[in-house]
Amino acid sequence: MYNQTTPPPYNGGNYNNNGWSNPTSNIVSATSAIMKRVYLKMTLGLLVTAFISMFCAGSSAYMQFIATNSWFYWGLFIAEIVLVMVISARLTKMSSMAASLLFYAFAAVNGMALAPIFIVYTATSIAKTFFICAGTFGAMSVYGYFTTNDLTKVGNFLFYALIGLIIASVVNIFTKSTALGWVISCAGVLIFVGLTAWDTQKIKQMAQYTPANMVGHLATIGALNLYLDFINLFLYLLRFFGNSRD
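Residues numbered from 1 in each chain as written. Predicted model: local features only at pLDDT ≥ 70, side-chain atom pairs only at ≥ 80, totals over all residues. Heavy atoms only, no water.

## Some details on the side chain of Asn69
Item 1. Structurally, Asn69 is set in the loop between helix H2 (60-68) and helix H3 (70-89).
Item 2. When its relative accessible area of 18% is taken as the criterion, Asn69 is described as buried.
Item 3. Looking at Asn69, its side chain comes within polar contact range of the side chain of Thr68, at 3.1 Å. (Helix = DSSP H or I, 4+ residues; strand = E, 2+ residues; numbered from the N terminus. Buried < 20%, exposed > 50% of the residue type's maximum accessible area, 1.4 Å probe, protein only. Polar contact = N/O pair within 3.5 Å; in protein donor to acceptor, adjacent residues only side chain to side chain.)

## Let's talk about the packing of aromatic side chains
Item 1. If you walk through the whole model with that rule in mind, you get 15 aromatic pairs.
Item 2. With 5.9 Å between their ring centres and 85° between their planes, Phe65 and Trp71 make a pair best called edge-to-face.
Item 3. For Trp71, a relative accessible area of 56% corresponds to the exposed category.
Item 4. Note on Phe192 and Tyr236: the rings are 6.0 Å apart at their centroids and 25° apart in plane angle, and the pair reads as stacked. Remark: Tyr236 occurs in helix H9 (residues 215-241) and Phe192 occurs in helix H8 (residues 178-207); sequence separation between them is 44 residues.
Item 5. For Tyr236, a relative accessible area of 10% puts it in the buried group.
Item 6. Taken together, the ring pairs connect Tyr62, Phe65, Trp71 and Phe72 into an aromatic cluster.
Item 7. One cation-aromatic arrangement involves Lys202 over Trp198; the distance from NZ or CZ to the ring centre is 4.2 Å.
Item 8. One cation-aromatic arrangement involves Lys204 over Tyr145; the distance from NZ or CZ to the ring centre is 4.4 Å. (Phe/Tyr/Trp six-rings, centres within 6.5 Å; stacked < 30°, edge-to-face > 60°. Lys NZ or Arg CZ within 6 Å of the ring centre and 35° of its normal.)

## Some remarks on H3
Item 1. With 20 residues, H3 should cover 28 Å at 1.5 Å per step; its first-to-last C-alpha distance of 29 Å lies within 8% of that length.
Item 2. Residues Phe72, Leu76, Glu80, Leu83 and Ile87 constitute the buried set of H3. Taken down its axis, H3 places every buried residue within 95° of arc, on the same side. Every exposed residue of H3 that faces more than 90 degrees away from the buried side is listed here: Ser70, Trp71, Ile78, Met85 and Ala89. (Expected span 1.5 Å × (residues − 1). Arc of directions from axis to C-beta.)

## Let's talk about the packing of H2 against H3
Item 1. Between H2 and H3, the shortest axis-to-axis distance is 4 Å and the interhelical angle comes to 95°. In terms of their interaxial angle, H2 and H3 are classed as roughly perpendicular. For the pair formed by H2 and H3, the contact residues are Tyr62, Phe65, Ile66 and Thr68 on the first element and Ser70, Trp71, Phe72, Tyr73 and Leu76 on the second.
Item 2. Across the contact of H2 with H3, the residue classes break down as 7 nonpolar, 2 polar and no charged. (Axes fitted to C-alpha atoms, helices over the stretch in contact; angles between N-to-C directions. Parallel < 35°, antiparallel > 145°, perpendicular 65-115°, else oblique. Contact = heavy atoms within 4.5 Å. Nonpolar A, V, L, I, M, F, W, Y, C, P; charged D, E, K, R; others polar.)

## Considerations on the confidence of the model for the chain
Item 1. Looking at the chain as a whole, the pLDDT averages 87, with 89% of positions reaching at least 70.
Item 2. Of the regions scoring below 50 in pLDDT, residues 1-21 engages in 29 contacts with residues more than four places distant in sequence or in other chains. (pLDDT = per-residue confidence, 0-100.)

## Structural notes on the layout of surface pockets
Item 1. Its volume calculated, the largest pocket comes out at about 2100 Å³.
Item 2. Along the walls of the largest pocket sit 47 residues, with Phe77, Asn232, Leu235, Tyr236 and Arg239 positioned nearest its centre.
Item 3. Residue assignment for the lining of the largest pocket shows that the elements contributing at least two residues are H2, H3, helix H4 (96-114), helix H5 (117-120), helix H7 (152-175), H8 and H9.
Item 4. Among the elements that line the lining of the largest pocket, the one with the most residues is H9, at 11 residues.
Item 5. A breakdown of the residues in the lining of the largest pocket according to their chemical character gives 35 nonpolar, 6 polar and 6 charged. (1 Å grid on protein atoms, 1.4 Å probe; cavity = no way out; pocket = protein on both sides within 12 Å on 5 of 7 lines; lining within 4 Å. Points joined across faces, edges and corners; volume = space filled by probe spheres on them.)

## Thoughts on the nonpolar core
Item 1. Residues Tyr62, Tyr227 and Leu233 are the most contacted members of the largest nonpolar core, which totals 59 residues.
Item 2. Sorting the residues of this core by element identifies helix H1 (23-57), H2, H3, H4, helix H6 (123-146), H7, H8 and H9 as the ones contributing at least two each.
Item 3. In terms of residue count, H9 provides more of this core than any other element does, 15 residues in total.
Item 4. Among all residues touching Leu233, those that are not within four sequence positions of it are Cys133, Thr136, Phe137, Val189, Phe192 and Val193. (Core = buried A, V, L, I, M, F, W, Y, C linked by side-chain atoms within 4.5 Å.)

Okay, structure coming up:
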């Protein structure tokens, strides 16, 4: 049992003339502050991706180069995987600023890779899909933040479903099946809608027990997870709402 001379097991408690302040209130306040940092960093990452993507799409030289050199596109894809692995595996061994720089570097590389969508789809349909994605993402993130239901089992199922989705996508690269493509798109939307809620709840739970010196690191990894959910949800929705320029 804790008394006025023994601090509660949370380093965010504040001492005043009446004793230790309410630890529950402190946890809620600290968690909210961390989640705001996560969403802010994710938003900045999306802006970096959007501006880089539009800039590259407006460069005929870049688009010609990427169209005639498939190795470069695959190089961007590999670079993205490497950056995600480095951020995830070495997060606690690097400074908060270094982790943030790697995150924004990933967002920039992803913007370079996504530039062709501005050539394939009309700007109007891209904007429409973005707002649909933002609304869906926002609703599921709010649900994940406030729900009292434990989404762990659902999240584990979605993780294995995601592995199956990746395998099916690789297979369809060679089979080029239109029917399978639509099934993959439908599954992709459902999976990333669910992952958005699960990742939000997971980040919130982590924020409640993260020491002060690791807040910046959590903001980066949390922003990365939600950024990936948003981008993938957007791309799968684009297959339904995107209007081709042809």
